[in-house]
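What follows is the residue order along each chain.
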Amino acid sequence: MAHLAPAGTPISLRTYLAAAARMPRSADTAERLAGALAQHSGHRSAWLTSTGRAGMVIALRALAKAANDPKRTDVVIPAYTCYSVAASVAKAGLRPRLCDIDPHTLSIDPEQLRRFDFSSVLAVVSANLYGLPNELSELEGLARARGVFMVDDAAQALGAHSKGRPVGGFGDIGLYSFDKGKSITSLDGGAVVTSDDAVIAELTRAYEDLAGANVLETLTAAAKLAVYAVMLRPTYYGVVRRLPFLGLGKTSYDLDYPIRRYDARLAGFAYELLGHLTELTRTRSANALALLAALRDVPGIALPVIASDASPSFTRLPILIRAPSDRARVLEALNRAGIGATGSYPEALCDVSDVRAVTPAADLECPGARYVAARIVTLPTHPYCPPTYAQLASAVIRAVPMENA
Ligand SMILES: *Cc1c(COP(=O)(O)O)cnc(C)c1O
């Protein structure tokens, strides 16, 4: 049966061929991609990396070098975000600290952050999960006032804006990802953007030492992208989604990944799709807004609070199921109806054992993050969602008997 993937970016045959045609001029295309991302974010320079997490590691190392202060070893991250953010902090030789989130906005709660002891803090990291901008100008102002760096993690939020400014462009350094479930994809890839002279010098130096991909890896990735482009279509996704070797929807804390340059020969894919970003964001937003309207009066759920001056990119739409005991039934009913709903990251970072092992005990009380982890459901918003989708999703959720309706 046809099934909507949880997230994804359609790649048409025309886009695929245009991207492949750029392979012989890969260095030029990679340079254009880096330039376009820098320009999009409002920053001066961009570096392309093998993955977003690799970009996070070199970004944090560059901040540590630029700060040149051995006391500043801590990086404050939201207690609910992608596990690889915590792993990247550890891999960079720094210590993850957790700040709780506001469960309604999913942003680091600026009040909680204000109460932090910043004496050993190097940087604060945003999350912008599902393309919903965090309270970025508050975080930026607070980081500046406390004399620490801010990393604007826009891995899921390329194309989103807050107060008219691009997400990824707040603070000192921004991060983008081209992984499969993000705003645009080339299967793998990431980018770091910044305008800070000292950080630019450190990143330039670090980047020189990084290896690139070999031709075999490029060909494998290009073949996988063709498969991805086909399998994202609901008719095929319904067939492949159960195949265990695809590892779909797995979340893990993993330190064992390479830190390399982006495979420039894949830059054409990200570059071509970046050219469609406005249109992709418009379609995802229209689907998300239709969902928000159709779900407004559904009992037993809560919709995210989106600031009036935020313009999200909606890589997915998150909702909260008020009673955690209802969530499994909601997920099951949606997936039975062909809607790729997920429970997102299964735990708050304060409950992930690898994170607990390295984070100070004082940070491990994160009720907001735990509230979200137990209740969140993400809904697809990608362009393969059919016109009747919002009504269908609403009807399916309404039909689930809720404890807390
Ligand atoms: C995906 C993601 C990353 C890491 O990006 P990869 O390209 O998958 O390594 C970092 N932060 C957030 C919030 C993400 O969603």
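For the structure itself, look to the data block above.
Since the model is a prediction, treat every value here as computed from it, not as a measurement.

(A) Representation of the site of the ligand. If you check the shell around the ligand, you find 17 residues, and the closest are G52, R53, D153, Q156 and K182. Take S177: an N or O atom from its side chain is 2.7 Å from an oxygen atom of the ligand. D179 has a polar side-chain atom sitting 3.5 Å from an oxygen atom of the ligand. Relative to its unbound accessible area of 380 Å², the ligand is 96% covered by the protein chains. Elements represented by at least two residues in the shell around the ligand include exactly α3 (52–67) and α4 (83–91). Classifying every residue of the shell around the ligand by side-chain character gives 6 nonpolar, 7 polar and 4 charged.

(B) Representation of the sheet that holds strand β11 (residues 310–311) in the model. One open sheet accounts for 3 strands, arranged β7-β6-β11; its pairing is antiparallel. Pairing within the sheet leaves two strands with one partner each, and these edge strands are β7 (165–166) and β11. As paired elements, strand β6 (residues 161–162) and β7 share 2 bridges and run antiparallel to each other. If you follow S162 over to β7, its bridge partner there is R165.

(C) Spatial organisation of empty space enclosed by the protein. Under the defined criterion, the tally for this structure stands at 1 cavity of 30 Å³ or more. Of the volumes computed, that of the largest cavity is approximately 60 Å³. Looking at the largest cavity, the residues that line it are P103, H104, L106, A302, L303, P304, P318, I319, L320 and I376. Ranked by the residues each element gives to the lining of the largest cavity, the list is headed by strand β12 (residues 317–321), at 3 residues.

(D) Summary view of helix α15 (residues 389–398). Buried within α15 are the following residues: Y389, A390, A393, S394, V396 and I397. One side of α15 holds all its buried residues, which, seen down the axis, span an arc of 165°. Against α11 (277–295), β10 (301–302), β12, α12 (324–336) and β13 (376–379) lie the buried residues of α15.

(E) Inspection of helix α7 (residues 197–208) at higher detail. If you check α7, its first and last C-alpha atoms are 17 Å apart, about what 12 residues at 1.5 Å a residue would give, namely 16 Å. Looking at the buried residues of α7, the elements they touch are β1 (45–49), α3, β5 (149–153), β8 (173–177) and β9 (190–194). A distance of 3.0 Å separates the backbone nitrogen of A198 from a side-chain oxygen at the start of α7, and that oxygen is part of D196.

(F) Spatial organisation of the pattern of salt bridges. Scanning the model with the defined rule gives 21 salt bridges in all. With a closest N to O distance of 3.0 Å, R44 and D197 form a salt bridge. With R44 in the loop between α2 (26–41) and β1 and D197 in helix α7, this residue pair connects regions lying 153 residues apart in the sequence. Both residues of the pair, R44 and D197, count as exposed. Here R398 and D297 are joined by a salt bridge, their closest N and O atoms 3.0 Å apart.

(G) Structural view of the nonpolar core. In this structure, Y80, L113, L334 and L379 are the most contacted members of the largest nonpolar core, which totals 142 residues. In terms of residue count, the dominant contributor to this core is α3 (9 residues). With residues near it in sequence (within four places) discarded, L113 still touches V76, C99, I108, F118, V124, L139 and L142.

(H) Quick look at the layout of surface pockets. Here the second largest pocket is characterised by a volume of approximately 200 Å³. No other element matches helix α6 (residues 136–146), which puts 3 residues into the lining of the second largest pocket. Partitioning the lining of the second largest pocket into residue classes produces 7 nonpolar, 4 polar and 4 charged.

(I) Spotlight on the packing of α3 against α4. At their nearest, the axes of α3 and α4 sit 9 Å apart, and the two run at 40° to each other. What the angle tells us is that α3 and α4 run oblique. For α3 against α4, the interelement crossing comes out right-handed. Across the interface between the two elements, R53, M56, V57, L60 and R61 of α3 pack against S84, V85, S88, V89 and K91 of α4. Considering only residue class, the contact of α3 with α4 consists of 5 nonpolar, 2 polar and 3 charged.

(J) Here's a closer look at the packing of aromatic side chains. Using the criterion set out here, one finds 5 aromatic pairs in the structure. Among the aromatic side chains, those forming a connected cluster through ring pairs are Y80, Y83 and Y345. The lysine or arginine in question, K91, covers the ring of Y257, its NZ or CZ lying 4.6 Å from the ring centre. The ring of Y371 is capped by R375, whose NZ or CZ atom sits 3.7 Å from the centre of that ring.

The rules we used
- Residues numbered from 1 in each chain as written.
- Predicted model: local features only at pLDDT ≥ 70, side-chain atom pairs only at ≥ 80, totals over all residues.
- Heavy atoms only, no water.
- Near = heavy atom within 4 Å.
- Polar contact = N/O pair within 3.5 Å; in protein donor to acceptor, adjacent residues only side chain to side chain.
- Areas by Shrake-Rupley, 256 points an atom, 1.4 Å probe, with all protein chains shown as cover.
- Helix = DSSP H or I, 4+ residues; strand = E, 2+ residues; numbered from the N terminus.
- Nonpolar A, V, L, I, M, F, W, Y, C, P; charged D, E, K, R; others polar.
- Pairing = 2+ DSSP bridges.
- 1 Å grid on protein atoms, 1.4 Å probe; cavity = no way out; pocket = protein on both sides within 12 Å on 5 of 7 lines; lining within 4 Å.
- Points joined across faces, edges and corners; volume = space filled by probe spheres on them.
- Buried < 20%, exposed > 50% of the residue type's maximum accessible area, 1.4 Å probe, protein only.
- Arc of directions from axis to C-beta.
- Contact = heavy atoms within 4.5 Å.
- Expected span 1.5 Å × (residues − 1).
- Salt bridge = Lys/Arg side-chain N within 4 Å of Asp/Glu carboxyl O.
- Core = buried A, V, L, I, M, F, W, Y, C linked by side-chain atoms within 4.5 Å.
- Axes fitted to C-alpha atoms, helices over the stretch in contact; angles between N-to-C directions.
- Parallel < 35°, antiparallel > 145°, perpendicular 65-115°, else oblique.
- Left-handed = near helix turned anticlockwise from the far one by under 90°.
- Phe/Tyr/Trp six-rings, centres within 6.5 Å; stacked < 30°, edge-to-face > 60°.
- Lys NZ or Arg CZ within 6 Å of the ring centre and 35° of its normal.

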